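# Commentary on secondary and tertiary structure
What follows is the residue order along each chain.
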Amino acid sequence: MRSSERSPGSIVDDLVLMIGDAGVLEGQDVSDRFDGWPPERALQARCIARPNSTEQVSKVLQYCNAAGLKVIPHGGRTGISGGARSGADDIVLSLERLNRIESVNPVDRTMTVDAGVPLATVQSAAQDHGMLYPVDIGARGSATIGGTIATNAGGTRVLRYGSTREQVLGLEAVLADGTIISSMNRLMKNNAGYDIKQLFIGTEGTLGIVTRAVLRLRSLSKSNATAFVGVASFDHVLKLLERLSVACADVLTSFEVMWPGFVELVIAHSTHRNPLSGFHKFCVLVETDGSTAEKALEETLGELLEHGAIDDAVIAQNARQAAEIWNVRDDATARAAAMKPNIHFDIGLPQSEMNAYVVNLRTTLKDTWPNAKLLVFGHLADGNLHINISVGVATEAMLAAVDRAVYEPLSAIGGTLAAEHGVGLLKRDYLALVRGPDEIALMRKLKNTLDPNETLNPGKVIPR
Ligand SMILES: Cc1cc2nc3c(=O)[nH]c(=O)nc-3n(C[C@H](O)[C@H](O)[C@H](O)COP(=O)(O)OP(=O)(O)OC[C@H]3O[C@@H](n4cnc5c(N)ncnc54)[C@H](O)[C@@H]3O)c2cc1C
């Protein structure tokens, strides 16, 4: 039905009259979508509102808040923690039509964008101007800037550039009652009062909907180097990191560790080639980025090989070889998917505790499920491990037991249950294992202050 044929009164008609025919999707256009990653569950919602300006976002929120409707913000739906899940009566608010790059300023090294612009589009716009937007994740083609801000996305370059939080200079957000908060700061330093943008970074759409952002750009390196290193033990992994952190201090960008069995699994089930001539207990992908990158890396790895601190290493000689090395690491997504049914965890913990934690977890799981499978890899230098676990076809009670086996030991070693993927719905009920009661009470107070009717993404992040 076209907007001219609609009459005020029904929720969907009201929204169409407010933001136009192209602004609202219903019926099969809703159920044909998935509600997150992996793309398994059909989206449920009364309709999808697709405003094309901050003012339209504000109108939709004002209306929904007054009518007692729940609003679930959607970016690219690549989130892994169930943060974008909705119910049949909810209004999904997708930022997909807020997709303009407003400006790139090479002098100030900033880019001003709408929240619905895909991450990959921002990366290539920066590159077109000889600059770098450093956040990089496997879902770059679909994940949006708004989604990466809402989840404070990390990725493979956090070690050098920090997570999304460090790339956002300013932003614009709309509160649950429709109030537009424009905090489009463009300065590196601005201590004039509270840093309001932080309320919306990493809060997963529970405090406001991000509609625009000012992003910080970096210099695009003239050279970089990618190496694949095999080592005999976890202690050697830590020594390699320690050595590279000194020798390549200014240029070390990625330090991705693959646990025993990871490379063997990738090579057995994919067309990727083993970058090394044999298999090793642990493998590490190292990337350096900067004018002195290749020389520093080559010298350090040569010296470590000579002293037996590493077993083998290869440095990519060209972009194709570098891509082949990354393909082995990035095949993790396909290997995890093949472990169906598979439970994915994104934990944070001190590097010194990592190996003992993984060994103990494996033992705990195998004691209960002798056929349990684990795939472990991670951004080790950021203290972040991704663990995929399969215990076969699992009941709700079995899944909860696996969750507890992973999460319960974390508090005692200073760990966290969400290093970069956020809490969403799937980790909400475990939050109290890693955050204190006063911290959670303050989160609830903030939520009640900014969104007293629980209009925005209700039931996510904060335990009930
Ligand atoms: C293959 C793959 C690899 C990944 N690798 C990484 C990785 O290395 N590091 C990492 O951190 N994550 C990673 N992720 C997770 C995911 O890509 C990120 O969480 C991403 O930031 C989500 O962006 P999105 O636009 O898809 O958001 P969505 O999935 O649509 O939403 C995620 C959350 O943000 C909220 N939200 C979305 N847009 C807005 C907005 N404009 N304002 C307010 N709230 C909003 C949603 O309500 C939801 O709670 C990966 C995912 C996949 C599928």
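A brief report on the enclosed structure follows. (Residues numbered from 1 in each chain as written. Predicted model: local features only at pLDDT ≥ 70, side-chain atom pairs only at ≥ 80, totals over all residues. Heavy atoms only, no water.)

## Details of unusual backbone geometry
- The step from W37 to P38 runs through a cis peptide bond, and the omega angle for that step is -5°.
- With respect to the helices, strands and loops of the structure, P38 is situated in the loop between α2 (28–31) and β2 (47–49).
- Across the junction of K340 and P341, the peptide omega takes the value -15°, indicating a cis bond.
- Looking at the secondary structure, you find P341 in the loop between α11 (332–338) and β16 (343–348).
- In the Ramachandran plot, N152 falls in the positive-phi region, its phi being about 45° despite a non-glycine side chain.
- Residue position: N152 is located in the loop between α5 (145–150) and α6 (158–161).
- A relative accessible area of 17% places N152 in the buried class.
- With phi around 55°, E204 is a residue other than glycine that occupies positive phi space.
- Following the sequence through the fold, E204 ends up in the loop between β9 (180–183) and β10 (209–216). (Helix = DSSP H or I, 4+ residues; strand = E, 2+ residues; numbered from the N terminus. Buried < 20%, exposed > 50% of the residue type's maximum accessible area, 1.4 Å probe, protein only.)

## Some words on the sheet that holds β10
- As summarised here, the arrangement of the five strands in space is β5-β6-β10-β8-β9, forming an open sheet in which the pairing is antiparallel. The sheet is open, and its two borders are formed by β5 (101–105) and β9, each paired with just one other strand. Shown here is a sheet whose adjacent strand axes are inclined to one another by a mean of 10°, direction ignored.
- Its contacts with the sheet put helix α4 (residues 119–128) on β5, β6 (110–114) and β10, and the angle it makes with β6 is roughly 150°. (Pairing = 2+ DSSP bridges. Axes fitted to C-alpha atoms, helices over the stretch in contact; angles between N-to-C directions. Contact = heavy atoms within 4.5 Å.)

## Remarks on the packing of helix α7 (residues 234–247) against helix α9 (residues 293–306)
- In contact at an axis separation of 10 Å, α7 and α9 are set at 145° when each is read in the N-to-C sense. When the axes of α7 and α9 are compared, the crossing they make is right-handed. Across from L240, R243, L244 and A247 in α7, the residues of α9 making contact are A296, L297, T300, L301, E303 and L304. (Left-handed = near helix turned anticlockwise from the far one by under 90°.)

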